[in-house]
Amino acid sequence: MASFPPRVNEKEIGKLLLNLVDHTEVVRDLTFAPDGSLILVSASRDKTLRVWDLKDDGNMMKVLRGHQNWVYSCAFSPNSSMLCSVGASKAVFLWNMDKYTMIRKLEGHHHDVVACDFSPDGALLATASYDTRVFIWDPYNGDILMEFGHLFPPPTPIFAGGANDRWVRAVSFSHDGLHVASLADDKMVRFWRIDEDYPVQIAPLSNGLCCAFSTDGSVLAAGTHDGSVYFWATPRQVPSLQHLCRMSIRRVMTTQEVQELPVPSKVLEFLSYRI
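Where an unreviewed UniProt entry is consulted, the protein appears under the name WD repeat and SOCS box-containing protein 1, with the organism given as Sciurus vulgaris. Recorded in UniProt for the protein, the comment headed Pathway (unreviewed entry) runs: "Protein modification; protein ubiquitination." What UniProt records for the protein under Function (unreviewed entry) is the sentence "Probable substrate-recognition component of a SCF-like ECS (Elongin-Cullin-SOCS-box protein) E3 ubiquitin ligase complex which mediates the ubiquitination and subsequent proteasomal degradation of target proteins. Recognizes type II iodothyronine deiodinase/DIO2. Confers constitutive instability to HIPK2 through proteasomal degradation."

Shown next as structure tokens:
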């Protein structure tokens, strides 16, 4: 059986290796499993996610069904065990990627959900919606830990579920696990701390569509509808001892496992992300 990617010489660089054909509508997003397994998940307007094994010549391993409308985006947890998918009709789904089954549906948004991203330790999940909000969730129990509003005062559910000029288009976690960036239709890019409900920095940006932090977290790149890419220096802060301890332990333990540790309640509180 051929391996992927195959060994190629310089003359073959740029050659098409695989063409994965099975979706029946536009493919909106792609994400590789971070564990290096070459498992790829694709999200489509055909209401499905498809799991591909690129080590097996692109064999389609599984179709994840559950969305009732377009799937806009998907993201793996850092340990590759969990997948989040978001889409139209307020949909936020979490999937067990060992069993390829749905874990739970997260409920709270009032409009289409268009972007998602896990924190570097996998303990938090950010979702961005046309309802003018970014939610920070605990993916292990479905609790909303923080809400980043892009309209003040917060809109009513009816207004949030309709047309407004604060649709949030993108969200991204910084690699320090402390900051989140969001792009909205009000021509702003916002930088947030996970423990504060107001932006720590704001910059102008028209027609923002997507964003990503550099590996070291020092730069945010943002793409726009008009074909441009902009870059910003990001907020830099020395993380607290609490944040460093939380990230270290949450890389290897779930919320439930932390809560079951035989340690004093104050220590549990110190190690937990809380509302």
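Draft legend 1. Inspection of the side chain of Thr234 at higher detail. Looking at the secondary structure, you find Thr234 in the loop between β19 (229–233) and α2 (241–250). Looking at Thr234, the relative accessible area reads 8%, which means it is buried. Among the polar contacts listed, one links the side chain of Thr234 to the backbone oxygen of Gly217, at a separation of 2.5 Å. Setting aside residues no more than four positions away along its own chain, Thr234 makes contact with Phe191, Phe213, Gly217, Ser218, Val219 and Leu220.

Draft legend 2. View of the pairing of strand β4 (residues 59–65). Here strand β3 (residues 48–53) runs beside β4; their pairing, made up of six bridges, is antiparallel. If you follow Val51 over to β4, its bridge partner there is Lys62. Hairpin connection of β3 to β4: five residues between the antiparallel strands, including Asp57 at a positive phi of 55°.

Draft legend 3. Quick peek at the sheet that holds strand β10 (residues 125–129). Read across the open sheet, the four strands follow the order β9-β10-β11-β12; overall the sheet is antiparallel. The sheet is open, and its two borders are formed by β9 (113–118) and β12 (144–149), each paired with just one other strand. On average, each strand axis in the sheet is tilted by 20° relative to the strand beside it, whichever way the strands run. Pairing of β10 with strand β11 (residues 133–137), which is carried by four bridges, proceeds in the antiparallel orientation. From the neighbouring strand, Thr127 faces β11, where its bridge partner is Phe135.

Draft legend 4. Representation of the packing of aromatic side chains. Within the structure shown, the criterion is met by eight aromatic pairs. An angle of 10° between the planes, with centres 4.5 Å apart, marks the rings of Phe148 and Trp192 as stacked. Linking Phe148 in strand β12 with Trp192 in strand β15 (residues 188–193), this pair joins segments that are 44 residues apart in sequence. A residue is classified by how much of its surface remains accessible, and Phe148, at 0% relative accessible area, is buried. Through a chain of ring-to-ring contacts, the aromatic side chains of Trp70, Tyr72, Tyr130 and Trp167 assemble into a single cluster. The ring of Trp70 carries the charged tip of Arg45 above its face, separated from the ring centre by 4.0 Å.

Draft legend 5. Spatial organisation of a nonpolar patch on the surface. The grouping of Val219, Val229 and Phe231 at the surface amounts to a nonpolar patch, some 280 Å² of accessible area in total. Structurally, Val229 is set in strand β19.

Draft legend 6. Focus on the UniProt feature "repeat: WD" (unreviewed entry) in the protein. The feature "repeat: WD" (unreviewed entry), as given by UniProt, occupies residues 20–62, 64–105, 106–147, 168–202 and 212–232 in the numbering adopted here. When the span residues 20–62 is considered, its composition is 0% helix and 51% strand, and the gap between its end C-alpha atoms is 13 Å.

Draft legend 7. Layout of unusual backbone geometry. Each neighbour pair has its own omega, and for Phe152 with Pro153 the value is -5°, a cis peptide bond. When you line up the elements, Pro153 lands in the loop between β12 and α1 (157–160). Unlike most non-glycine residues, Tyr100 shows phi in positive territory, near 60°. Relative to the helices and strands, Tyr100 resides in the loop between β7 (91–96) and β8 (101–105).

Draft legend 8. Region of interest: the pattern of salt bridges. Here the structure, examined in full by the defined rule, presents ten salt bridges. With a closest N to O distance of 3.8 Å, Arg50 and Asp46 form a salt bridge. Here Arg50 and Asp46 have matching classes, each one buried. A salt bridge links Asp185 to Arg169, with the nearest nitrogen and oxygen atoms 2.9 Å apart. Of this pair, Asp185 sits in the loop between β14 (179–184) and β15 while Arg169 sits in strand β13 (residues 168–173), placing them 16 residues apart in sequence.

So, how was this worked out
- Residues numbered from 1 in each chain as written.
- Predicted model: local features only at pLDDT ≥ 70, side-chain atom pairs only at ≥ 80, totals over all residues.
- Heavy atoms only, no water.
- UniProt positions renumbered as here; feature names shortened; annotations may be inferred.
- Helix = DSSP H or I, 4+ residues; strand = E, 2+ residues; numbered from the N terminus.
- Buried < 20%, exposed > 50% of the residue type's maximum accessible area, 1.4 Å probe, protein only.
- Polar contact = N/O pair within 3.5 Å; in protein donor to acceptor, adjacent residues only side chain to side chain.
- Contact = heavy atoms within 4.5 Å.
- Pairing = 2+ DSSP bridges.
- Axes fitted to C-alpha atoms, helices over the stretch in contact; angles between N-to-C directions.
- Phe/Tyr/Trp six-rings, centres within 6.5 Å; stacked < 30°, edge-to-face > 60°.
- Lys NZ or Arg CZ within 6 Å of the ring centre and 35° of its normal.
- Patch = residues over 30% accessible without salt bridge, like charges linked within 9 Å, V, L, I, M, F, W, Y side chains within 5 Å.
- Areas by Shrake-Rupley, 256 points an atom, 1.4 Å probe, with all protein chains shown as cover.
- Salt bridge = Lys/Arg side-chain N within 4 Å of Asp/Glu carboxyl O.

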